[in-house]
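Now for the letters of each chain:
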Amino acid sequence: VATNGARRELPEENLDALVEVLDDIRAHTTRSRAEIVRSRNLSRAVVAQRVQELLDRGLVELGDAGPSTGGRAPRLLRFRRDAGHLLVADLGATSIDVAIADLGGHLLVHHQEPADIADGPEAVLGRVAELFREILAGTPRLTSELWGIGVGVPGPVEFETGRAVAPPIMPGWDGFLVGEYFSQRFGVPVWVDNDVNVMALGELRAGVARGHSNVVFVKIGTGVGAGLVVDGHLHRGAQGSAGDVGHIRVTDDPAVICRCGKTGCLEAVAGGAALARDGRAVAEAGRSALLLELVDAEGEVTAEGVAWAAGRGDPASVELIRRAGALVGDMLSTAVHFLNPSLLVIGGGVSAAGDELLASIREVVYGTSLPLATRDLAIQRSALGHRAGVVGAATMVADGLFSRDRLGLWIERGSPAQTT
Ligand SMILES: [Zn+2]
C-alpha cells in the first residue's frame, strides 16, 4: 500500500530527477542549483522543485552563500550526512571490524578485534550483532535513526540475495543468508558483498581512487582478490564473482595446493598465508637469521614479518616478497590489458607492511604491459588501509538507500527503517 501511495505521489520522472539531484549533491561537499543544472542537464525548474523536496524531507540542508552573479547570492546545498546512521562490519579471515558511520561514509566509532571466520556464521555473526549493540549503546550522542547495515565477507557473495556462496575459507557458510540474519534482528535494509569489492568501493568514494572511473583494486591479505571499477561502477559480473583473481592458475607445480582444493593458484604462492609458510621454511632451513629471530621472539613467521625483514634488507625475505610481487604483477598486467584502468590500488595487510612488494609489482606491470595501456597508469598503495572495508561498506549502503529502486520505497515515509 505504501509503495502504491509513493508511486502516485512521485511520478516516475520525478523520482528519476530526484535521484539525479541527490546523487549530484552527495558527490560534492557543497553544490549550487546552477551547478546541478549544468552537470545533470536538467531544467532550472525541475532542479528547483527537486531541491525543495529534498530540503523538505531533511535529506539536504542550506549551507553558506555561494558566489554572487549580480543579485542576492544563492545559498549552497549540502547533503545531510547525519540524517540517519549506518552499522557496518568488515569480516576478514582472522578479524572483525565494526563501525557506526554517517550517510557520507565517515566513521563515528570503529572497533576491531581478532576472530576466526571458520567458526561459522552463527558464532561470527552473533558476535557482530553483539558488537553492533555495544557500540550503539556506547554512543549516546547519536540522535538520528539507524537506516541500514552493510557487511563485507571474505568470500563470494550473491549480491542480490546477500547469500554466501561456496566460500573456500568459510566452512559452514555456504548458502547462509547473511543479509536476512541482520535485517531480521535490526529491522533495516542490509547489503552484503565480498570484502574486496567493498574495499574497492571505499577507495573509489573516499580514498585514493576518488575521481577515477576505471580502477583495479587488489587486496593482498591472507589470500588475494581484486575489485573492479568499470566506468565508475563496481563490476560484480554475472554471479558476483568478478575479480576473484586469487584462484587464477599461475604455476604447474602440483605440490602447491590452495585452500580452495585446486593446485597452482595465485594466492597459494603469493598470498599472505603462502608468504608466512615460505618464510617459516626459510627460517628453519637456516637461510635467514632475521626470520629466525622473529620465530624465537614471536613463535611464528607472519607475512607481515617477512615484509618487515625484506624492508631491512634480509636477502631471503627480499626474494620471497619479490617473487610474490612479480606473480601479482603478472596478473595485474593481464588485467591492465583487459580493462585499461587509469589506476591500480594495492591494499591488504601484506601490502601495508613494506615498500618492497609495491616496488616489484610496479616493475613488472610497467615492464610487461603495452605503452598505451601504461602511459597514464598510476599504481598506488591503498589510502584507507584497514579502514577501507568499513568505509566501503558504509558507501555501499548509502548508494543502495539512495538508489532509484530503493529511494522510491521509503522517501514518502521519511525513513528506510522497516522497509526490508
Ligand atoms: Zn585456489
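As shown above, the structure is provided for reference.
Residues numbered from 1 in each chain as written. Predicted model: local features only at pLDDT ≥ 70, side-chain atom pairs only at ≥ 80, totals over all residues. Heavy atoms only, no water.

Caption draft 1: Quick peek at the coordination of the zinc ion. The protein atoms that coordinate the zinc ion are His-247 (ND1), Cys-258 (SG), Cys-260 (SG) and Cys-265 (SG), at distances of 2.0 to 2.4 Å. Its 4 donor atoms give the zinc ion angles of 106 to 120° at the centre, a pattern that matches the tetrahedral case. As a motif over one chain, the donors of the zinc ion read H-x10-C-x1-C-x4-C. Remark: Cys-260 occurs in the loop between β12 (233-234) and α8 (266-270) and His-247 occurs in the loop between β12 and α8; sequence separation between them is 13 residues. (Donors = N, O, S within 2.8 Å, 3.2 Å for Na, K, Ca; no water. Tetrahedral: all angles 85-135°; square planar, octahedral: opposite > 155°, others 65-115°. Helix = DSSP H or I, 4+ residues; strand = E, 2+ residues; numbered from the N terminus.)

Caption draft 2: Local environment of the sheet that holds strand β6 (residues 145-153). Here we have 5 strands laid out as an open sheet, ordered β5-β4-β3-β6-β9, and mixed in their pairing. Here the strands that pair on one side only, and so sit at the sheet edges, are β5 (107-114) and β9 (190-194). In this sheet, neighbouring strand axes are inclined to one another by 15° on average, regardless of whether the strands run parallel or antiparallel. Sheet topology note: the β6/β9 ladder contains 5 bridges and is parallel. Note that in β9 the partner of Gly-150 across the bridge is Trp-191. (Pairing = 2+ DSSP bridges. Axes fitted to C-alpha atoms, helices over the stretch in contact; angles between N-to-C directions.)

Caption draft 3: Local environment of the side chain of Thr-395. Along the polypeptide, Thr-395 turns up in helix α15 (residues 388-401). Setting aside anything within four residues of it in sequence, one finds Thr-395 in contact with Leu-201 and Arg-205. (Contact = heavy atoms within 4.5 Å.)

Caption draft 4: View of the packing of helix α11 (residues 303-311) against helix α12 (residues 315-339). Between α11 and α12, whose axes approach to 8 Å, the crossing angle comes to 115°. Handedness of the α11/α12 crossing: left-handed. Side by side, α11 and α12 meet where Val-306, Ala-307, Ala-309 and Ala-310 of the first sit next to Ser-317, Val-318, Leu-320 and Ile-321 of the second. For the contact of α11 with α12, the class distribution of residues is 7 nonpolar, 1 polar and no charged. (Left-handed = near helix turned anticlockwise from the far one by under 90°. Nonpolar A, V, L, I, M, F, W, Y, C, P; charged D, E, K, R; others polar.)

Function cannot be inferred from these measures alone, as they are strictly geometric.
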